[in-house]
Amino acid sequence: MKGSVASDTAYFIEQLKLFIKYPEVLSNDESHRSEIQRLTRLVSVALETPQESMQRIMFTYLPLVTARLSNEFGLLATLTMGDDANPVALSDLIKTSGLDKSLVSAIMDYHCYHGSAIEPRQGFYAPTKLTHNLLDPKVVTTLTCWHDIVGPAYGSLHRVLTSGPNGPDGSGKKTAFQVTHNTTQSFYDWLESNPERHASFYGYMAAVHAVTKKWVDVVQFDEEIAHNAHENEVVFVDIGGGDGSQSIEVQKVHNLGGKIVMQDRAAVVEKAQKAREAGVETMVYDFFTEQPVKGARAYFIQFVLLNWVDDDCVRILASQAPAMGPDSVLMIVDYVQGHRWETKGKIPEPDLWTPAAALAARACHEAQSRSSADYRHLLERAGLEMTEVRVFTNFGQAVIMAKKPKPAVDGS
Ligand SMILES: C[S@@+](CC[C@H](N)C(=O)[O-])C[C@H]1O[C@@H](n2cnc3c(N)ncnc32)[C@H](O)[C@@H]1O
């Protein structure tokens with residue numbers, strides 16, 4: 001076995017070089033493409049010496065930092081003005097960025113190592129596919145948000161977990177987010193206190209929604225939820241709906257009668273113009289208070305509960321329960337920890353998003369991700385009954401469906 005691996009090494013290297021040169025050969029075969037990515041990543045780790053493991057991990061900040069700097073100072077945009085035959089001179093990158101030679105050289109050396117630039121001749125650089133990926137507006141928005149807002153919070157998690165009940169500096173800052181950003185405000189108050197941050201966070205949310213698979217692919221909205229709906233009936237209430245992107249998704253797939261309502265904090269609702277233009281009604285609503293829209297077909301709550309501790313989640317869910325009729329459905333879209341082990345058939349490989357989201361929830365909100373058993377328990381505490389869990393991405397995003405339990409028939 002081992003002998004055949006060794007004798008096939010040259011062939012393996014040739015194949016890898018071909019994939020690097022012609023990545024498009026796999027563009028129509030998603031499962032092979034992602035399997036090759038996963039395996040080459042694991043091969044790379046399997047071949048590491050301890051010193052290489054150390055190096056890979058100790059420099060993990062750098063892709064985010066160099067991408068942010070390169071976008072801010074126009075290095076990547078300038079790079080795309082050249083190509084392999086006519087690469088961009090270091091002096092031009094220095095001139096357009098306004099940064100000093102040593103810093104630009106270091107950033108460009110990192111890009112070359114990382115595959116986001118090449119240096120065909122000394123001091124001249126050309127773009128790669130990754131350069132263009134990093135300039136995609138959705139990627140820029142997301143990386144900016146993670147560099148400025150969430151990333152630093154990951155970095156303070158250790159300080160918070162190793163300090164006493166009053167936080168690392170005794171000032172009452174409890175979350176890693178509060179410690180790193182030197183604030184006692186909650187995550188959402190802090191976002192709303194600065195328009196740039198606010199726009200950055202919601203830009204990131206929109207970018208993620210635009211590139212990931214959607215829950216509407218696994219819920220036949222009209223068939224399952226809105227059948228026979230009347231004109232004035234509310235078919236969908238999007239609780240903590242942010243920019244209203246999910247209400248707009250429903251608007252796209254929904255062809256029957258009925259209204260769609262999006263609710264959030266005042267500062268967020270104010271900015272949800274796109275949703276209003278799409279015909280969605282918007283409403284200021286604090287989800288810790290009783291839901292004012294009664295008897296809707298569906299109450300929907302996406303990427304909200306992972307930001308709150310159990311007792312708060314129970315309060316949020318219990319605030320919806322009195323509004324729900326016997327046929328109302330509550331849909332929670334969130335990450336489900338351990339979803340791999342609940343999948344029928346081939347068990348999916350471990351993914352990056354589920355643990356990354358769980359750690360971000362802990363760092364930014366002192367909150368947590370949950371397994372489907374945890375969701376069942378939360379719903380029961382709020383007087384609701386979990387009916388189904390439909391996982392719709394291979395990184396653990398799922399629709400958790402619930403309803404009001406039927407009142408017990410009094411047999412006496
Ligand atoms: C992570 S975002 C998710 C937004 C949206 N559901 C989505 O999937 O894009 C969480 C949302 O909860 C909202 N939120 C936070 N506290 C709230 C409260 N007390 N009442 C209503 N909405 C709240 C935030 O303003 C934010 O828009």
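Rules and cut-offs
The residue numbers shown here count from 1 along each chain, following its written sequence. In view of the model being predicted, local features appear only for residues whose pLDDT reaches at least 70, and side-chain atom pairs are presented and counted only at 80 or more, with totals across whole chains, interfaces and linings using the full set of residues. Note that the side-chain values use all heavy atoms of the structure and ignore hydrogens as well as water. Domain boundaries shown here were taken from an automatic or database domain assignment. Only C-alpha atoms enter the line fits that serve as axes; for helices the fit covers just the stretch in contact. Angles between N-to-C directions range over 0 to 180 degrees. Secondary structure elements are defined from DSSP: runs of H or I of at least 4 residues count as helices, runs of E of at least 2 residues count as strands, and each element is numbered from the N terminus. The cut-offs work like this: below 35 degrees is roughly parallel, past 145 is roughly antiparallel, 65 to 115 is roughly perpendicular, and the gaps in between are oblique. Left-handed is the label given to a crossing in which the near helix is rotated counterclockwise from the far helix by less than a right angle, and right-handed is the label when the rotation is clockwise. Contacts: residue pairs with any heavy atoms within 4.5 Å of one another. Each residue gets one label: Ala, Val, Leu, Ile, Met, Phe, Trp, Tyr, Cys and Pro are nonpolar, Asp, Glu, Lys and Arg are charged, and the others, such as Gly, are polar. At least two bridges found by DSSP between two strands are what make those strands a pair.

This paragraph deals with the domain arrangement of the chain. With domains assigned, the chain is organised as domain 1 (13-58), domain 2 (62-135), domain 3 (138-209) and domain 4 (216-403). Between the C-alpha centres of domain 1 and domain 2 the distance comes to 23 Å.

Viewed as axis vectors pointing N to C, helix α10 (residues 137-161) and helix α13 (residues 195-211) meet at an angle of 130°, and their least axial separation amounts to 8 Å. By the angle class used here, α10 and α13 are oblique. In this structure, the crossing between α10 and α13 has a hand that is left-handed. For the pair α10 and α13, contact is made by K138, T141, T142, T144, C145, W146 and I149 and by R197, S200, F201, G203, Y204, A207, A210 and V211, respectively. Partitioned by chemical class, the residues of the contact of α10 with α13 number eight nonpolar, five polar and two charged.

As a further point, take the packing of helix α18 (residues 310-320) against helix α20 (residues 372-381). The N-to-C vectors of α18 and α20 enclose an angle of 55°; their axes lie 8 Å apart at closest approach. One finds that α18 runs oblique with respect to α20. Judged by the sense of rotation from one axis to the other, the crossing of α18 with α20 is right-handed. For the pair α18 and α20, contact is made by D310, D311, C313, V314 and L317 and by L378, L379 and R381, respectively. Residue composition of the contact of α18 with α20, grouped by class: five nonpolar, no polar and three charged.

Another aspect to go through is the sheet that holds strand β1 (residues 88-89). Here three strands make up an open sheet; going across it, the order is β1-β3-β2 and the pairing antiparallel. Only two strands of the sheet have a single neighbouring strand rather than two, namely β1 and β2 (118-121). Pairing analysis gives two bridges linking β1 to strand β3 (residues 124-126), with the strands arranged antiparallel. For V88, the partnering residue across the bridge sits in β3 and is Y125.

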